[in-house]
Structure formats: structure tokens, C-alpha cells
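# Geometric and topological summary
Residue strings, one per chain:
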Amino acid sequence: MTQAVSLEYVLIVAAALFCIGLFGALARRNLISMLMGIELMLNAVNINLVAFWRYLEPSYVTGQVFVLFIIAVAAAEAAVGLAMVIAVYRSRTTLQADEVDSLKG
Amino acid sequence: MTLFLQHAWLIPSLPLVSFLLISCTPLRRKHIQAAWLAIALIAISALWAIGLLVAVASQVVQRPGEPSGFAFAEPALIQRFDWLPTGSSTMQMGFYIDPIVAVMLAMVTITSSAIHLFSLGYMAGHPRQARFFSFISLFSAAMLLMTLADNLLLFFMAWEIMGLCSYLLIGFLYTRPQAAQAALKAFITTRIGDVLMLLGMVYLYTLAGSLAFGYRQGEIFAPDFLQQIGTETNRLGLSHATTIALLLFGGTIGKSAQFPLHVWLPDAMEGPTPVSALIHAATMVAAGVFLVGRTYPIFLADGGTALAWVTFIGALTAIVGASIAVAQFDIKRILAYSTISQLGFMVAALGIGGWMAAMFHLLTHAFFKALLFLGSGSIIHAMETVPAIHRIHHHDEYAAQQSAQDIRNMGGLRSRMPWTFWCYTMGYLALIGIVPFSGFWSKDEILTDAFVHQHWLSYAILSAAALLTAFYMTRQWRATFFGAFRGDKPRVVTASESESHMHEHEGAHAESDPAPQRWPEDWRMIAPLVLLASFAVTAGAFNLPFAGGHWLSDLLGQEHASFNLLVAAIALILAGIGVWLGWSYATAFSDAHSSDPLEVRAPSLFQSLNQRLYVDQFYRASIVRLAHSLATLWRWIDTRIFDRTLDGLGDLTLRFAHVNASIDDRVLNDGSDALANGTVASGDLIRRSETGKIHDYLAMIFAGVVILGVIYLYLF
């Protein structure tokens, strides 16, 4: 398996994915789009973790378990996030992150 | 009779009650009732005093003679009570009544009653008349208390009250500046004497342990005590007795207007005439003589040193007073200097050992001098209503009064005021010593004492003073009562008392007036005159130097005086010469503006006598100037040094306060404000990072993570 792809390239993919996700979270105004970016960041971390597990300690099962945790947490967090988006929409009738700034000052 | 003796305390208490009632109750606004109350109470005192005198006279016990040859009679009554605890002993106060006290009480109360009645007439219409009566009642109470005192301390306290009353009464017409100044002068001058007297009393107390009169052990006349103080000497080289006697005599010099401190008495004539009669003729000035008489054993204890001084001052006063009286024109001032001269007689008599003669002269002098003053008061009262003089009143009230009192403005009053004239003449004859009036007997006894005991110098001086007395009194008597009345064109006497010019009198003048009218004479003023005149005539009978007379000597327990025909004859001849000189002298007063013949003949002598031998000017230039300089010095110190120091301290405090204020303002106030403002501004600054936008927060989180990562990876 090692001759297929070296570790660096997988990490670079993970990093690229993370940056795309970060960009999405920072630059998109729509709340749901920000959530998508956050999901991307989480998944990038997942790739990172899997890569480290596969290439460095394949016999140690902790890597996979950790990823499973993160997927579960990501799912829960997406559910909660969407619930918050719905609550925000109900009170402000807007989904633009710029316009939800009542904590300003 | 002994009732009077047992309740002798009533005698000073009744006038005191009168004073309290008039001063402290609404009676003070009801003049007539207040006056009659005062008169009634003092009259009751007078009756009580006469009763007491009778009681004492019936039980006189003479004392065996002391080594000095002199002794008081035994006291008829001594009442004492504990007053002040002083350590192991107690100081007592009380009454000591021996015959001389009884005689003095009777004299003072009778004279005071007469003057109270006179004041009712004299002060009628005065707005503060009731106050006047309260004062003279207080004065009478004080004088009577002084006479009854059984120790020197009580004596001194009453003496001081009399001084206060003198001040109040001289300055009774206080709106007039001369009266206010005269009152102060009297008080301060007598105060000087009082300080010396107090020193003497303190000295005596330290030696004797007591100030009580009496011959018993522990009292001040105890024989062994007197002998002790007569022989031991103190650091000045004088014996204790001499020092004490001279210090006590200092009080007499002040109070009885003896030579160096006589200056207050003529000025005291600013007070109303009843005041002059009561205080400055009959009673208060006699208190000084009574002091020496009361403490006579002390004077005798040192073998004559103190008494030599007493004689010297007395004789000097007698001749100086008589000389100055020659050149005075104010009727009251002539009488004032006459009083000074007669007091000199009494003091000189005490000095040469004639205690009895001095007391006798004190008694007669009180009556006839009060009579003369009251008579002059009656005259002045009438003169002030003369139209020409009344007119001056509108310009200058003081000049009006002085003109009313000037003998050059009087004349011919014999027919205008006959009652006053006759009473005054009785007093005049008594004063110059014509037989059989009282003054002759008493003055003769003094001169006989001097002659017989061979005090030649005193005899000569006193005889010369007697001659001058006859001279100036006759001058005054003639100018006042005889000739033409000059008051219609009066000489206006201004306050500066300077003779401005000599007036040539025009035309001929008649000795008697055409048809003089009787002036009204108030019965309230005449009745006392008559009473006192009767005493002036008959009081000689108290101590006639013949067998069967001597009532007073027996009463006082002294030896009888004998009659010396030579001395009496010389005295009468001298009096006669004085009268003749005075009579012929006074013919020169044809009108009010003519000048005094003596002034024409011996102007510088006259001027110096008229200006009272410049004693007042000397005092003003020396002592008064010294007091002024001291006062100026203290004021300089006070304003330049003390005030400036205080001002400087205040200024310093003010500056310090300013510094404090600016610190408080700038540092504490503004500093805290700046701190607060800075905190708020920095908060505002930081608040800018809270935009409320999620994206910004996310970005900050990411940046923080990156930085932490860098720090973790590359720095640690």
C-alpha cells in the first residue's frame, strides 16, 4: 500500500480541503453555506486522522475510533446548527450572517 | 436704751435697704416717693444713732492709760461672727462700738439726713433724681458700716464702697465731660492711697495674724504686740510700726486730700452740691482722719517717727490749701480748698498727739462745712435762675453753671436770701473761729495742744493758716452777700478758666441796691440749713475747756483739755486781722468784670495761686505723660508685633489652604476623572473588535489558533 500515494500528498489534500472549508465558513454570507464549510473542515480533519492512522500506526485502532467519534459529533453538531439556523430565521427572517449582529458593541 | 445698742446693725442697714429698694424696684421711676423713702430711712437711722449714743454715754468705762499715755475707752459692744475659715483659725467680721464710734454715727446720720432733705429741693426736676437718692443712701450705708467695722478689712471694704459712690456721684451729671473726668480723677487718685493702705494692712496682718480692733490678746492693739512692732526693725531700717503707720497714712493722704494727692477734691466740685456737702466736706474726707484716729495706738507705738511725718504733711496741707483758696473765684472751690486746709488741721493735730482735739474738730467741721456747702448750693440754685445767667445756658451749659458759681457775679444776696445769709454766716463764723461758735473751741484746742507741747513750727504754720482762713472766707462772704448785685451783667466764665481781659468799670456805683426783691427760698433747702446752723453754733458746747464742760472728752475717755488764755487771745486777734483784711479787700468788687486787688498788686503770685500752684499741670506733665507713653508703647507692641504676627500666621494658613485646594482639585479630582475617562476610552477602543458578526469572530479564532500553533511548534 505504501507505493500508491505518500503521506504528504494525503495531508496536502486534507489541508486543501480544510482551507476550502475555512474559506467557505469565512466568506459565505449564508448561514447554511457556513455550516457546509464547517462540515468540510471537520471532514478534512477526518482525512488527516485516517491518513495518520493508515500510514503510521495501522494496527492501532484508536485512529478509526476517533474518526467515528468525529463523524458522530459532526452529525450532531450539524443537527444542532441547523436547528439554530431555523431559530434565527424565525426571529430575524434572514439567513445572512452579516445581519445577525445584535451582539455588536 | 440698750435696745439701740443691741440692734446697732440697723443703722447701716436702713440706708442700704433704701438703696436696694430704689435701685431694684419700680420705685426708681417714682422720684418723689423714692426721695421720701430715702429721707425717712436715714432719719430713722439718725434717731437710732442718737439713741445708741445715749446708751453708750451712760456706760462709759475709761481704760487705764497705756505706756504711750493714750488709750481708747472700753468698747460698749463687740459683736462678731465667723466669716472666713483661714486654715486653723477663722476670720471674723462684726461691729465694734466704742464712744468715738457712737459720736461719729450720730454725726454722720444727722448730717446725711439733712443733706437728703436738701437734695429733695436741690435736685427737684432732675430726670434721674431717684438714682441720686439711691446713691447717697448707699454712700451713707457704707460710711456707717465703715464706722462700725470691727476690723481693718471690713473698714477697707466699706472705704472702697465709699470711693465707688464718690465716683458715681461726682459723675452724676455724666453728660458733661468735665464731670466724667473729675469722677475718674477722684477715683484714681484715691486709689493710689488705697493701694498703700492695703499694703499696710497686709503687713499688719502678717505680723499680727489678725486685723481686729481691740486691746485683747490677738487683736492689733494688744500691748505686747505693739511693743514688739515698735522695737523690731525691718529691712528698710524703720520699725514695723512706722512702716505700717505710714502705709496706712497713705490711705488717708488719698482719701482726705492731703498734700500730694489733694488734686481730686477741687475737681470733685463738678458734682452736684449735696454731693460736695455730704462726701467731700463732712463724711468721706473725714474717713481718712478717722482711720488714723481708729488705729492711733499703732502710730504711737514707734516713738514718734510716723507722727512726725503725719504732722508735716498735715501742716503743709493746711497752709497750701489756705493759700490757694485766697486766689479762687468759684464759691465751691473756695470751700473745697478750705476743706483741704481744715483736714490738714485735723491731720496735723493727730500728728502732734492731740487725738481728742482732732476728733472734736472733725465733728464741728462736719457740721459747719456741710452747712457752708449747702448754703452755697442754695445760692447757686438761685443764681442759675437769674435771667442774664440763664441766657448763657443756651450757648454753653458749662459756662452758665460756672458763671452762676462765680463770686464776682454775686453780691447783695443778704437782702435777697435772708435765711441763707444768716445760716451761712453762722457757718462762716464757726469756720474762722470766732467765740462762741463751735469752730473756735475746736480750733483753739488744736492750737493749744501745739502751743503747750511746744511744737512751735506747727503752731506757727497752723496759726498762719487760720489767718488765711479768716481772710479768704471774709472775702468770699463779703463778695457774695454784700454790695450791689452784679449778676445782671455777669462775667461769663468759660471752661478754659483764663482771664481774658480787664474791664474798666464805668461810672459810679452804689453800695446798696435800690429795692432788692426777695428771691424764693425752698423750705426743703432752708430747713437743713437751719438744723446744721444750730449745730454750728452750739456744738462747741460738746467739749468746752472749762470745768463742767468736757462732755466729749469724758465720753471718749480722754483727759480734759485746759483753756489757755494766751493762745485763745492770739487766735482771736489773728482771726480779726484776717477779717479786716478780707473786708477791706472785697470793696474792690464793684462789678463783675473788675479784677481782684491782689491780682493787680502781685500778679505772678496771684496767678500761681489761681492755677493751684501748678500741681495739676505737674502731674499731667509727669505721671500722666508717663502713663500715656506706656500705653502708647503697649499699643505699638500690640499693633506692630502681635497683630502682624497673627496676620502673618493667618496669611500663611491661607496660602497653605490654597495649595491644598489646588492639589485637591488637580490631582485628586482631575486625576481620578482622567483615570476614569481613560478606562472608558480604552473600553471603547476594545469594543470595536466586537462587531457582532460571526465571520469576524471566526476569523479571530482562526488567527489565534495559527498563532498558538506557531508558538507551540517553533518556539517550544
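As the structure is a computational prediction, the values presented were derived from the model and not from experiment.

### Here we look at the overall build of chain A
Tallying secondary structure elements over chain A gives 3 helices and 0 strands in all. Across chain A, helices and strands are ordered from the amino to the carboxyl terminus as α-α-α. Here the C-alpha radius of gyration of chain A, 17 Å, is well above what a compact globule of 105 residues would show, namely 13 Å. Referenced to the eigenvectors of the C-alpha coordinate spread, the extents of chain A come out at roughly 55 × 25 × 25 Å. Among the 105 residues that make up chain A, the fraction classed as buried is 8%.

### Remarks on the overall build of chain B
Counting secondary structure elements, chain B contains 29 helices and 2 strands. Computed over the C-alpha atoms, the radius of gyration of chain B is 38 Å, more than 25% above the 27 Å expected from 2.2 N^0.38 for a compact globule of 716 residues. Each principal axis of the C-alpha distribution contributes one length, and for chain B these read about 155 × 75 × 50 Å. Buried residues in chain B amount to 50% of all 716 residues. Of the contacts formed within chain B by residues at least 6 apart in sequence, a portion of 78% connects residues at least 24 apart.

### Some details on the nonpolar core
L371 and L462 of chain B are the most contacted members of the largest nonpolar core, which has 226 residues in total. Here this core gets 19 residues from one element, more than from any other, and that element is helix α16 (residues 355–383) of chain B.

### Concerning the interface of chain B and chain A
Note: interface size is frequently given as the accessible area lost on complex formation between the parts. Counting residues at the interface gives 10 residues for chain B, matched by 10 residues for chain A. Ranked by the residues each element gives to the side of chain B that touches chain A, the list is headed by helix α29 (residues 694–715) of chain B, at 5 residues. When its residues are assigned to classes, the side of chain B that touches chain A shows 4 nonpolar, 3 polar and 3 charged.

### Considerations on helix α5 (residues 129–148) of chain B
The terminal C-alpha atoms of α5 of chain B, which comprises 20 residues, lie 29 Å apart, in line with the 28 Å expected from a rise of 1.5 Å per residue. Burial analysis of α5 of chain B places 19 of its 20 residues in the buried class, which makes it a mostly covered element.

### Focus: the pairing of strand β1 (residues 77–86) of chain B
Among the 10 residues of β1 of chain B, 1 are classified as buried, and the element is accordingly described as predominantly exposed. The antiparallel hairpin formed by β1 of chain B and strand β2 (residues 89–97) of chain B contains 2 residues in its connecting segment, where G87 of chain B sits at a positive phi of about 70°.

### Describing the environment of R688 of chain B
For R688 of chain B, the location among the structural elements is in the loop between α28 (615–687) and α29. Separated by 148 residues in sequence, R688 of chain B and G540 of chain B place their C-alpha atoms 128 Å apart.

### Topic: the packing of helix α2 (residues 31–56) of chain A against helix α3 (residues 62–92) of chain A
Residue and element names in this part refer to chain A. Running from amino to carboxyl end, α2 crosses α3 at an angle of 175°, the nearest separation of the two axes being 10 Å. Judged by the angle between their axes, α2 and α3 are roughly antiparallel. Note on element contacts: α3 touches α2 through G63, Q64, F66, V67, I70, I71, A74, A78, G81, L82, V85 and V88, opposite L31, I32, L35, E39, L42, V45, N46, L49, V50, F52 and W53. Among the residues forming the contact of α2 with α3, the class breakdown is 18 nonpolar, 4 polar and 1 charged.

### Thoughts on helix α14 (residues 305–326) of chain B
Here α14 of chain B spans 33 Å end to end across 22 residues, near enough to the 32 Å set by a 1.5 Å rise per residue. Among the 22 residues that make up α14 of chain B, 16 are buried, leaving the element largely enclosed by the rest of the structure.

### Concerning the pairing of β2 of chain B
Inspection of the sheet shows β1 of chain B paired to β2 of chain B by 9 bridges, in the antiparallel sense. If you follow P85 of chain B over to β2 of chain B, its bridge partner there is T90 of chain B.

### Structural notes on the confidence of the model for chain B
Across chain B, the average pLDDT comes to 86, with 94% of residues at 70 or higher. Both confidence scores are given for the complex: pTM 0.77, ipTM 0.89.

### Observations concerning the packing of helix α7 (residues 177–208) of chain B against helix α9 (residues 240–255) of chain B
Residues and elements named next belong to chain B. Contact geometry of α7 with α9 gives a least axis separation of 7 Å together with a crossing angle of 155°. Between α7 and α9, the crossing angle belongs to the class labelled roughly antiparallel. Every pair of crossing elements has a handedness; the one defined by α7 and α9 is left-handed. Residue-level contacts link T189, T190, I192, G193, D194, L196, M197, L199, G200, Y203, L204 and L207 of α7 to H240, T243, I244, L247, L248, G250, G251, I253, G254 and K255 of α9.

### Details of unusual backbone geometry
Residues and elements named next belong to chain B. The peptide bond linking V435 to P436 adopts the cis configuration, its omega dihedral lying at -5°. Tracing the backbone through its elements, the reader meets P436 in the loop between α20 (418–432) and α21 (438–452). Here Q454, not a glycine, exhibits a phi torsion of approximately 60°, which is positive. A positive phi is found at Y614, a non-glycine position, where the angle reads about 60°. By the secondary structure assignment, Y614 is in the loop between α27 (603–610) and α28.

### Things to note about the environment of L715 of chain B
Residue and element names in this part refer to chain B. Relative to the helices and strands, L715 resides in helix α29. Residue L715 is classed as exposed on the basis of its C-beta count, with 6 C-beta atoms lying within 10 Å. When the C-alpha positions of L715 and V289 are compared, they lie 123 Å apart, and in sequence the two are 426 residues distant.

Procedures and definitions
- Residues numbered from 1 in each chain as written.
- Chains lettered and ligands numbered in written order.
- Predicted model: local features only at pLDDT ≥ 70, side-chain atom pairs only at ≥ 80, totals over all residues.
- Helix = DSSP H or I, 4+ residues; strand = E, 2+ residues; numbered from the N terminus.
- Rg over C-alpha atoms; globule rule 2.2 N^0.38 Å.
- Buried ≥ 20, exposed ≤ 12 C-beta atoms within 10 Å, placed from the backbone.
- Contact = placed C-beta atoms within 7 Å.
- Core = buried A, V, L, I, M, F, W, Y, C linked by C-beta atoms within 7 Å.
- Nonpolar A, V, L, I, M, F, W, Y, C, P; charged D, E, K, R; others polar.
- Expected span 1.5 Å × (residues − 1).
- Pairing = 2+ DSSP bridges.
- Axes fitted to C-alpha atoms, helices over the stretch in contact; angles between N-to-C directions.
- Parallel < 35°, antiparallel > 145°, perpendicular 65-115°, else oblique.
- pLDDT = per-residue confidence, 0-100.
- Left-handed = near helix turned anticlockwise from the far one by under 90°.

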